[in-house]
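Results of the structural survey
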Amino acid sequence: MALPLCPLLAAPAAAAHDPVMQLLQDRGLVAADSTVQAAASEPTLLGQMRETASELVLGAMNFIGVRYRRGGSSAEEGFDCSGFTRHIFENSIGLVLPRRADEQARAPGLFSVGKDELKPGDLVFFNTLRHTFSHVGIYIGDNKFIHSPRAGGQVRVEDMRQAYWQQRFDGARRAPAVSAQNAPTSRNN
């Protein structure tokens, strides 16, 4: 879905507050001094995209502690990794992702982003079963992601700087509804 062309206006100063970082701070997952505040002059369209990503991440955080269940796709029965991401995206932004992690990585409409370009709401993929894109989670900011890890585990936040995750990182994907800021654009040469 193409976004309409419109002049970008300055966002109100209240948009500078980042609810995702506040939630992470409140839960002790991020130090208070690591908060990155948005500039008061952030364009309205980009501010709306940031709010969408924040709502997605906040929605995901509500499921911390839900048990892992292979093939699970609801809080009542439990989640596996791709069931979790599928549930969050469908219920927060209305995007129905494919069922399996590797299918989500290859889903049409999502675009690849580099590790240094990650934004809250991006899908992050890992090689945990000796094949690419075998695990998926949702990036929440500050090098952290939320996921449903494995049998016996629960939905939780992990640090991507841990050696285990660094060695297994396969890539990231972004939905245009989460952020139009880095969407591919065509240029006439």
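Residues numbered from 1 in each chain as written. Predicted model: local features only at pLDDT ≥ 70, side-chain atom pairs only at ≥ 80, totals over all residues. Heavy atoms only, no water.

**Quick look at the nonpolar core**
Applied cut-off: Only buried residues count toward a nonpolar core, which is a set of Ala, Val, Leu, Ile, Met, Phe, Trp, Tyr and Cys residues joined through side-chain atoms within 4.5 Å. The cut-offs for exposure are 20% and 50% of the maximum accessible area for each residue type, with area from a 1.4 Å probe on protein chains only; residues under the lower value are buried, those over the upper are exposed, and the others partly exposed. For helices the rule is a DSSP run of H or I covering at least 4 residues; for strands it is a run of E covering at least 2, with both sets numbered from the N terminus onward. Residues count as neighbours in contact if any of their non-hydrogen atoms are within 4.5 Å of one another.
Of all hydrophobic cores here, the largest spans 28 residues; its most connected members are Leu56, Phe84, Ile88, Phe89, Leu123, Ile138 and Ile146. Contributing elements (two or more residues each) for this core: α2 (44-61), α3 (81-93), α4 (101-105), β4 (123-126) and β5 (135-141). If one sorts the elements of this core by residue count, α2 sits on top with 5 residues. When residues no more than four places from it in sequence are discounted, the contact partners of leucine 123 are Thr85, Phe89, Leu97, Gln104, Leu110, Val136, Gly137, Ile138, Gly171, Ala172 and Arg173.

**As for the environment of isoleucine 64**
Relative to the helices and strands, isoleucine 64 is located in the loop between α2 and β1 (73-74). A C-alpha to C-alpha distance of 8.2 Å links isoleucine 64 and isoleucine 146, two positions 82 residues apart in sequence.

**Remarks on the packing of aromatic side chains**
Definition in use: The pairing test for Phe, Tyr and Trp rings, Trp by its six-membered ring, is centres within 6.5 Å, and the orientation test on the planes gives stacked under 30 degrees, edge-to-face over 60, and tilted for anything in between.
Summed over the entire model, instances satisfying the criterion amount to 9 aromatic pairs. Note on phenylalanine 63 and phenylalanine 79: the rings are 5.5 Å apart at their centroids and 90° apart in plane angle, and the pair reads as edge-to-face. Here phenylalanine 63, found in the loop between α2 and β1, pairs with phenylalanine 79, found in strand β2 (residues 78-79); they are 16 residues apart in sequence, far enough to count as distant. With a relative accessible area of 18%, phenylalanine 63 lands in the buried category. Between phenylalanine 126 and tryptophan 165, the aromatic rings sit 4.8 Å apart at their centres with planes inclined by 65°, giving edge-to-face as the arrangement. A residue pair is termed long-range when its members are at least 10 positions apart, and phenylalanine 126 in strand β4 and tryptophan 165 in helix α5 (residues 163-168) qualify at 39 residues.

**Things to note about the confidence of the model for the chain**
Let me state the cut-off plainly: In predicted models, pLDDT denotes the confidence assigned by the predictor to each residue on a 0 to 100 scale.
Of all residues in the chain, 69% attain a pLDDT of 70 or more, and the chain-wide mean is 80. In the model, residues 1-16 has pLDDT below 50 throughout and makes 17 contacts with residues more than four positions away in sequence or in other chains. For residues 180-189, every residue scores under 50 in pLDDT, and the model assigns this stretch 10 contacts once sequence neighbours within four places are set aside.

**Considering the sheet that holds strand β3 (residues 111-113)**
Here is the rule we go by: We call two strands paired when DSSP finds no fewer than two bridges between them. Working convention: axes come from line fits to C-alpha atoms, limited for helices to the stretch in contact. Angles between N-to-C directions cover 0 to 180 degrees.
Judged by pairing direction, the sheet is antiparallel, and its 6 strands sit side by side in the order β3-β8-β4-β5-β6-β7 without closing on themselves. If you trace the sheet from one side to the other, it starts and ends with β3 and β7 (156-159), each paired once. Pairwise comparison of adjacent strand axes, ignoring direction, gives a mean angle of 40° for this sheet. Pairing geometry for β4 and β5, over 4 bridges, is antiparallel. Paired with phenylalanine 126 across the strands is histidine 135, a residue of β5. Set on the sheet, α3 makes contact with β4, β5 and β6 (144-147); between it and β5 the angle comes to about 50°.

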